[in-house]
There are 2 protein chains.
Amino acid sequence: MAQWTNFDELASYKTLQSVKKVDIRKEMAGENGAERVKKYSVPMAEGLTYNYAAKAVDDEVLKDLCDLAKEAQLSEKFEELYNGAVINTGEKRLVLHQLCRGQLGKDVVVDGVNKREFYVEQQKRVADFANKVHSGEITNEKGEKFTQVVQIGIGGSDLGPRAMYIALENWAKKNNTLKMQARFISNVDPDDAAAVLAQTDASHALFILVSKSGTTLETLTNNAFVQDALKKDGLDPAKHMVAVTSATSPLAKSTDFLTAFYMDDYIGGRYSTSSAVGCTVLSLAFGPDVFARFLDGAAAADKAATEKDPMKNAAMLDALIGVYERNFLGYDTTAVLPYSQALSRFPAHLQQLDMESNGKSVNRFGEPISYVTGPVIFGEPGTNGQHSFYQLLHQGKTLIPLQFIGFKNSQLGVDVDIEGSTSQQKLCANVAAQIVAFACGKDDENPNKNFEGGRPSSIIIGEQLTPETLGALLAHFENKVMFQGFVWNINSFDQEGVQLGKVLAKRVLAHNTEGALTEYSKLLNI
Amino acid sequence: MAQWTNFDELASYKTLQSVKKVDIRKEMAGENGAERVKKYSVPMAEGLTYNYAAKAVDDEVLKDLCDLAKEAQLSEKFEELYNGAVINTGEKRLVLHQLCRGQLGKDVVVDGVNKREFYVEQQKRVADFANKVHSGEITNEKGEKFTQVVQIGIGGSDLGPRAMYIALENWAKKNNTLKMQARFISNVDPDDAAAVLAQTDASHALFILVSKSGTTLETLTNNAFVQDALKKDGLDPAKHMVAVTSATSPLAKSTDFLTAFYMDDYIGGRYSTSSAVGCTVLSLAFGPDVFARFLDGAAAADKAATEKDPMKNAAMLDALIGVYERNFLGYDTTAVLPYSQALSRFPAHLQQLDMESNGKSVNRFGEPISYVTGPVIFGEPGTNGQHSFYQLLHQGKTLIPLQFIGFKNSQLGVDVDIEGSTSQQKLCANVAAQIVAFACGKDDENPNKNFEGGRPSSIIIGEQLTPETLGALLAHFENKVMFQGFVWNINSFDQEGVQLGKVLAKRVLAHNTEGALTEYSKLLNI
């Protein structure tokens, strides 16, 4: 059994406090910099590479981080997780999202059910359903094919699946595997559902209602909104909707749906893209084969994360460097900067994944801790961000570590050669240039044109954004966040911080408030 | 003439360092909290209200902030700005975006040109052009109406106009004033242009090429990309494209365009939504009348920002409270949280506006400063964010000030009543609940369910998101950022921090690199 100890009680915590800080600007200059780029690189799953040459580490820091990994028993804890331990201590639950994409350890059986088999069974049920929709065996009331799919969900039932859909939409068009266009309704703002419905040909649309508990306020409200709209169009909602929920939820047995696909309590919302939550919409949109390839990529990244040597385990190393930046270099925020328009909503997904998992102030036993935990995550695709917030990143007073992502090839392969280079080459040239500009800076007599440098970054590089590399990317970050949670000795799988707002909102709607809340309710005309 | 002095040399800097910190949790409890909500409120333009009851201020702090406003001569500096002083010291330029929407001071004449008249003339030229496009007087080669408009631009030529388009698209549909659907191409990633073009009926599309200098790498590349695609479709690009640029740019006299509309060096990219940059695409999309209403709203907010008493000037007060949080409470980041799906990209616009303007380390004379300046800005619409990163906001180790925005009414007016409340009421109930949850927290024996509270927030409340209120919102934040720049004694109108990356990217494309940059170029296959 692994030992769960607060981070600041570990010997490596003290060691890391006193290890000599690395001057990135100096280290990344000249031939030494070139050597670092060659050396500080780890192969990842699916041909991806994690390069951390421009991070504020050297062999000494890395050695201490490896010691930390060992002392914090990161590999042992991951092993316990995938073998079915109760890692989600707050909710007393197993953490099984990896089982959706492979079996890393022994069989996990809960209440007589082999969970891997359960998840695979759901995937098969979804695949069978999707194939029947695509072939025209399952149709609308008039016997016409469904051509569009609309996911109704919020949080993890929206951000991950939506980011993945956007990431693969163009790839799928190019590869003739876009079966149905997908849209997403998430916000309780009625303008969200109304606008999506206005763009949707409801008579040929399948709606997926996604709520694990079957009680999510926004999702049930939007469900009613959509049912209303369908009825007004003379359509039978029950012929246009499927549910994704847990087998015990009120939605599971409802006759309001063509069918229901199941997830369970062992997969948190932000980790649910690999489950029926992502499987249903992505299988309908791209076909089950594409979703299977996505899972293969994620499974390969999970496998890679079992490597015990942090220097060969990109997710673990990425996690350790992030911890070093957060707890010893004092950086509060991390920017995620994919040089890929297809990943435009990937930072929004990571925002939930990371901030909801590790934005905690108590350890996994519910005791307050005194060290900082998860950072703020934000980001936009490059090169767009260069023309927006990079000013602050380069010359601001607050230092922000950066996580770049780049691909050698575009998805669509349509390009134009201007002044001797393609757009794709310009895109790649920019991310290379930014890494060096951030790290090395540039002296100028005019302080306004001076670049201090010393801004740390890493980059994940791939050949192309495909289902496999996307799956590997998703799992890489899930595993990174998990390892960081292990180091911080926190529970990365609950989210008690979202509860209070829900309770108070209900009170406002019931007009059961007092003091400031009553006054705000008046101001907002509730 | 105003005195430009470093912030830490002001007497009020010292006063603010020692003013007693406010315990929000205590202040916002019970009847005192209710009183604060009623009292700490400023009317803004267009019926908006800025409420800062849940900020960490009291009468004492506010008094000191008012003293700061006076000592830093915020009103005088704004007056100098709108009267045509060289406020952009780095580039030695006037700062005139407010002149696009009104005349606050005396005539500003540069090289014999009255700038207000110049901007109005461009608006009239755009309006005339847009009306002719809408009426079918200006058509494609076949004499068919243009039905779509595509903006090609990056940074300020993209983020602001795009955010405004998204903000008003549904409103315009509802009010039968959506004349042309708009799309945007920004990224040099070839998949961006290719994907937008694939969705566009090019034969009925007008393209707007936006680059002040006429030299922006991404925009010129995407211009070539689009021209290529049009030619392949057998279309004449010159019959499908207009330019928005400065009169001295190489694009201004080009025969590649139907016509060109002009901006000038006195309006920075991130402030250019009110200029021809936003005017062209928004007038084509919604009609010139709607754009005029948007400018009216912005003009009203500018007028409101001339109020000398900070307690009656929302932009100034918002700025001062932000400075207090940044420099004296030590917060690095601010989250912008609009409870309005239509404002989904407004935080991305503010990210550029704020971080590019105030992410600086030198004062307006180019001298290094020792106090912190602009914060990191991020945000997503509520209630979506509640199911994503709010966990960290409520229970994380790092405290993030919050800026909420909410409207009493939806844009489309389509709604559904579930369990006694509409979706719009649920949306508003949630933002009210969040403010109080963040401020007051809630004690729980279980530390994992404990909410510390003390998280400061403000809210801007309006009746509805309309062209007028949107214009007022935009200008409010522009003026807030401007006032903060004045306090910090920095130049909020240049962006030298974006230059180094451009230079290095060119070197990569010319294969003129060494050291680490050469190695990164190899990794990325350039």
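Fair warning: this is a prediction, and the values are worked out from it, not measured in the lab. (Residues numbered from 1 in each chain as written. Chains lettered and ligands numbered in written order. Predicted model: local features only at pLDDT ≥ 70, side-chain atom pairs only at ≥ 80, totals over all residues. Heavy atoms only, no water.)

Some points on helix α7 (residues 159-174) of chain A
Residue and element names in this part refer to chain A.
Move 1: Its 16 residues place the ends of α7 24 Å apart at the C-alpha level, agreeing with the 22 Å of an ideal helix rising 1.5 Å per residue.
Move 2: Maximum bend of α7: about 40°, positioned at Leu-168.
Move 3: α7 sits mainly inside the fold: 12 of its 16 residues count as buried. (Helix = DSSP H or I, 4+ residues; strand = E, 2+ residues; numbered from the N terminus. Expected span 1.5 Å × (residues − 1). Bend = angle between axes of the 7 residues up to and from the residue. Buried < 20%, exposed > 50% of the residue type's maximum accessible area, 1.4 Å probe, protein only.)

A closer look at the nonpolar core
Move 1: Membership of the largest hydrophobic core comes to 337 residues, with the highest contact counts inside it found for Tyr-520 of chain A together with Tyr-520 of chain B.
Move 2: Ignoring sequence-local partners within four residues, the contact set of Tyr-520 of chain A consists of Met-28, Val-37, Asn-51, Ala-53, Ala-54, Ala-432, Ile-435, Val-436 and Ile-459 of chain B.
Move 3: In terms of nonpolar packing, the next biggest core, distinct from the first, is built from 36 residues, Val-108, Ala-195, Ala-224 and Leu-230 of chain B among them. (Core = buried A, V, L, I, M, F, W, Y, C linked by side-chain atoms within 4.5 Å. Contact = heavy atoms within 4.5 Å.)

Some words on the interface of chain B and chain A
Move 1: Each partner contributes residues to the interface: chain B has 132 residues there, and chain A has 132 residues.
Move 2: For chain B, the biggest contributors to the area lost against chain A are His-387, Lys-397 and Tyr-520 of chain B; these three give 7% of the whole.
Move 3: Applying the counting criterion to the chain B and chain A interface returns four salt bridges.
Move 4: Here Lys-449 of chain A ties to Glu-496 of chain B by a salt bridge, and the two come within 3.2 Å at their closest N and O atoms.
Move 5: Along the contact surface separating chain B from chain A lie 45 residue pairs in polar contact (both at pLDDT 80 or more).
Move 6: If you tally residues by element for the side of chain B that touches chain A, the top one is helix α15 (residues 423-440) of chain B, at 15 residues.
Move 7: When the residues that make up the side of chain B that touches chain A are grouped by side-chain class, the tally is 59 nonpolar, 51 polar and 22 charged. (Buried area = accessible area lost by both parts, 1.4 Å probe. Salt bridge = Lys/Arg side-chain N within 4 Å of Asp/Glu carboxyl O. Polar contact = N/O pair within 3.5 Å; in protein donor to acceptor, adjacent residues only side chain to side chain. Nonpolar A, V, L, I, M, F, W, Y, C, P; charged D, E, K, R; others polar.)

Some details on the side chain of Gln-227 of chain A
Move 1: Within the fold, Gln-227 of chain A resides in helix α9 (residues 217-232).
Move 2: Sequence-distant contacts of Gln-227 of chain A, defined by excluding residues within four places in its chain, comprise Pro-237, Met-241 and Asp-256 of chain A.

Structural notes on the pairing of strand β15 (residues 457-462) of chain A
Residue and element names in this part refer to chain A.
Move 1: Summarising burial for β15: six of the six residues are buried, a large majority.
Move 2: As paired elements, strand β2 (residues 49-51) and β15 share three bridges and run antiparallel to each other. From the neighbouring strand, Thr-49 faces β15, where its bridge partner is Ile-461.
Move 3: Judged from the six bridges that link them, strand β12 (residues 402-407) and β15 form a sheet pairing that is parallel. Within the sheet, the bridge partner assigned to Phe-404 lies in β15 and is Ile-459. (Pairing = 2+ DSSP bridges.)

Thoughts on the relation of the copies chain B and chain A
Move 1: Placing chain B over chain A gives an RMSD of 0.0 Å and needs a rotation angle of 180°, together with 0.0 Å of translation along the axis. Viewed as a symmetry operation, the transformation between the two copies matches a two-fold axis. It is Phe-378 of chain B whose C-alpha, among those of chain B, lies nearest the rotation axis, at 3.2 Å. (Least-squares fit on C-alpha atoms with pLDDT ≥ 70 in both.)

Let's talk about the confidence of the model for chain A
Move 1: Averaged over all residues, the pLDDT of chain A equals 97, while 100% of them reach at least 70.
Move 2: Confidence estimates for the predicted assembly give a pTM of 0.97 and an ipTM of 0.97. (pLDDT = per-residue confidence, 0-100.)

Notes on the sheet that holds strand β1 (residues 41-43) of chain B
Residues and elements named next belong to chain B.
Move 1: Reading across from one edge, β1-β2-β15-β12-β10-β11 is the order of the six strands in this open sheet, with mixed pairing throughout. Looking at the sheet topology across the chains shown, the edges are occupied by β1 and β11 (376-378). Across the sheet, the mean angle from the axis of one strand to that of its neighbour is 15°, orientation sign disregarded. (Axes fitted to C-alpha atoms, helices over the stretch in contact; angles between N-to-C directions.)

What to know about the pairing of strand β6 (residues 181-185) of chain A
All names here are of chain A.
Move 1: Most of β6 sits out of view: four of its five residues are buried.
Move 2: Pairing of strand β5 (residues 148-152) with β6, which is carried by five bridges, proceeds in the parallel orientation. Across the sheet, residue Val-149 finds its bridge partner in β6, namely Ala-182.
Move 3: In the classification by handedness, the crossover that spans β5, the intervening α7 and the parallel β6 is right-handed. (Right-handed = clockwise from strand over helix to strand, strands pointing away.)

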